[in-house]
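Here's the letter readout for the chains.
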Amino acid sequence: MGRSSDPLPEAGPIGIVWAASSLEQPMQPDLILRGANLPDGRREQDILIKDGLIQAVGPQIDARGRDELDVSGRLVTPPFVDCHFHMDATLSLGLPRLNRSGTLLEGIQLWNELKPLLTVEAVVDRAMAYCDMAVAQGIGAIRSHVDVCDPRLTGVEALLEVRRRVAPYLTLQLVAFPQDGLYRSPGARENLLRALDLGVEIVGGIPHFERTMEDGRRSVAELCELAADRGLMVDLHCDETDDPLSRHIETLACETQRLGLGGRVAGSHLTSMHSMDNYYVSKLIPLIAESGVAAIANPLINITLQGRHDAYPKRRGLTRVAELAAAGVRVAFGHDCVMDPWYSLGSGDMLEVAHMAVHVGQLTGIDAMRRCFEAVTSEPASILGLDGYGLEPSCRADLVVLEAWDAVEAIRLKATRLFVLRAGQIVARAAPRIASLDLPGRPPAVSFLHAAPAS
Ligand code: FE2
């Protein structure tokens, strides 16, 4: 099934068959997915869905659904979660000009040229277009930072509207992000408070971009206190630099512990940890683990923006993913940017993000690759505190059927999202990736799937 020797199917995804039942029973599932492989390694599982929720999961369940979908061993996963994104800037590539150097600093300069030109309508239109793309890619939730250094709060107003519009099919969390510095940018502190009052739900910051280390330290303390006072979560752009002495993550961990914020705080990027002294890191990582601060890396952006001041060898800039995870720190990956002043590429594909992490972090061991899949699904869902996420009974039936046999193959292929379900309803679908062949003595088609080796 699905091997390269299979014939080209006449229509529809290979091996997937809709079957509608005429029987009506009181507790009859609305939909049963038959023969699903799950990310935890279970194979050939049936998933029963009723009233938008998962009713049961198990092998060969004796029941008849009103509709049935035989997925024939395809991987079925809860949706991808992008825990770090900038939706106010997405799809703005080329406005008002392209980033010629491709660097972080030119990107910031470019964003500051674009900001006064933004309108709420244009930001809403671009963000909604991106959300369409994200849903089709199987993303069920996005945490987006939104710049609050524009006194008009254009991005805030736009993304609050987008959050309202997409709520039925996409969970959007917003972080009030003083992109030009809480203290460095005049009015940023007041604007951040205004954004929170308007309904932005997470406190952001950028301590390494403040004018001095001391200002950065103070900003972390003040932002954590603000979150504690208001009962909010914290997600700071933290130490997104190659400077090994940028140690604001240490302050973030200590403030988290002092204020009892463990489990509600994330440090995003943490790229300076790549360059830090190893002895210092041996003290730092246990401190982070103890504090309950989560780590969010952005592999596509970190590998392109870090190391820019290096000759050769050039540092990779990705934070210490394997070591943080081994210490018990929750580690997740974000996309960060798609077609904006900082990154010209991207298509909302969290498997592309995981694929890059596997390579840049040398996370090619079998367990490490599986953890990379978790870093774009269950781990960010935990960091965002998503309710009803998962494959347990009573979880919302948000599911993605991938054209892959298991999580590693999903990363390898950046697998096609055959079906995307939100609360048991199909919200996106795509044809499988199959190429016709015209080679003497060879099969008529190739699907790129490959039977998984025994684990
Ligand atoms: Fe970011």
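The following refers to the structure shown.

Here is what the cut-offs are and how they apply
Residues numbered from 1 in each chain as written. Predicted model: local features only at pLDDT ≥ 70, side-chain atom pairs only at ≥ 80, totals over all residues. Heavy atoms only, no water. Pairing = 2+ DSSP bridges. Helix = DSSP H or I, 4+ residues; strand = E, 2+ residues; numbered from the N terminus. Axes fitted to C-alpha atoms, helices over the stretch in contact; angles between N-to-C directions. Buried < 20%, exposed > 50% of the residue type's maximum accessible area, 1.4 Å probe, protein only. Polar contact = N/O pair within 3.5 Å; in protein donor to acceptor, adjacent residues only side chain to side chain. Donors = N, O, S within 2.8 Å, 3.2 Å for Na, K, Ca; no water. Tetrahedral: all angles 85-135°; square planar, octahedral: opposite > 155°, others 65-115°.

## Some points on the sheet that holds strand β17 (residues 425-429)
The strands making up a sheet are joined through hydrogen bonds of the backbone, oriented either antiparallel or parallel. Read across the sheet, four strands follow the order β6-β15-β16-β17 without closing on themselves; strand pairing throughout is antiparallel. Sheet topology places β6 (75-77) and β17 at the edges, where each strand pairs with a single neighbour. Across the sheet, the axes of successive neighbouring strands diverge by a mean angle of 20°, strand direction being ignored. Note that β6 and strand β15 (residues 399-402) share three bridges and pair antiparallel. Across the sheet, residue L75 finds its bridge partner in β15, namely L402.

## Quick notes on the sheet that holds strand β11 (residues 233-238)
Across the sheet, eight strands lie side by side as β7-β8-β9-β10-β11-β12-β13-β14; this open sheet has parallel pairing. The sheet is open, and its two borders are formed by β7 (80-85) and β14 (331-333), each paired with just one other strand. In this structure, strand β13 (residues 294-297) lies alongside β14, joined through three bridges in parallel fashion. By the bridge assignment for β14, A295 is matched with V331.

## Looking at helix α11 (residues 350-360)
Every buried residue of α11 is accounted for by M350, L351, V353, A354, A357, V358 and V360. Sitting at the amino-terminal end of α11 is D349, which places a side-chain oxygen 2.8 Å from the backbone nitrogen of L351.

## Regarding the coordination of the iron ion
Protein ligation of the iron ion involves H84 (NE2), H86 (NE2), H237 (NE2) and D336 (OD), the donor distances falling in the range 2.1 to 2.5 Å. Taken together, the four donor atoms coordinating the iron ion and their angles of 84 to 174° define a geometry best described as irregular.

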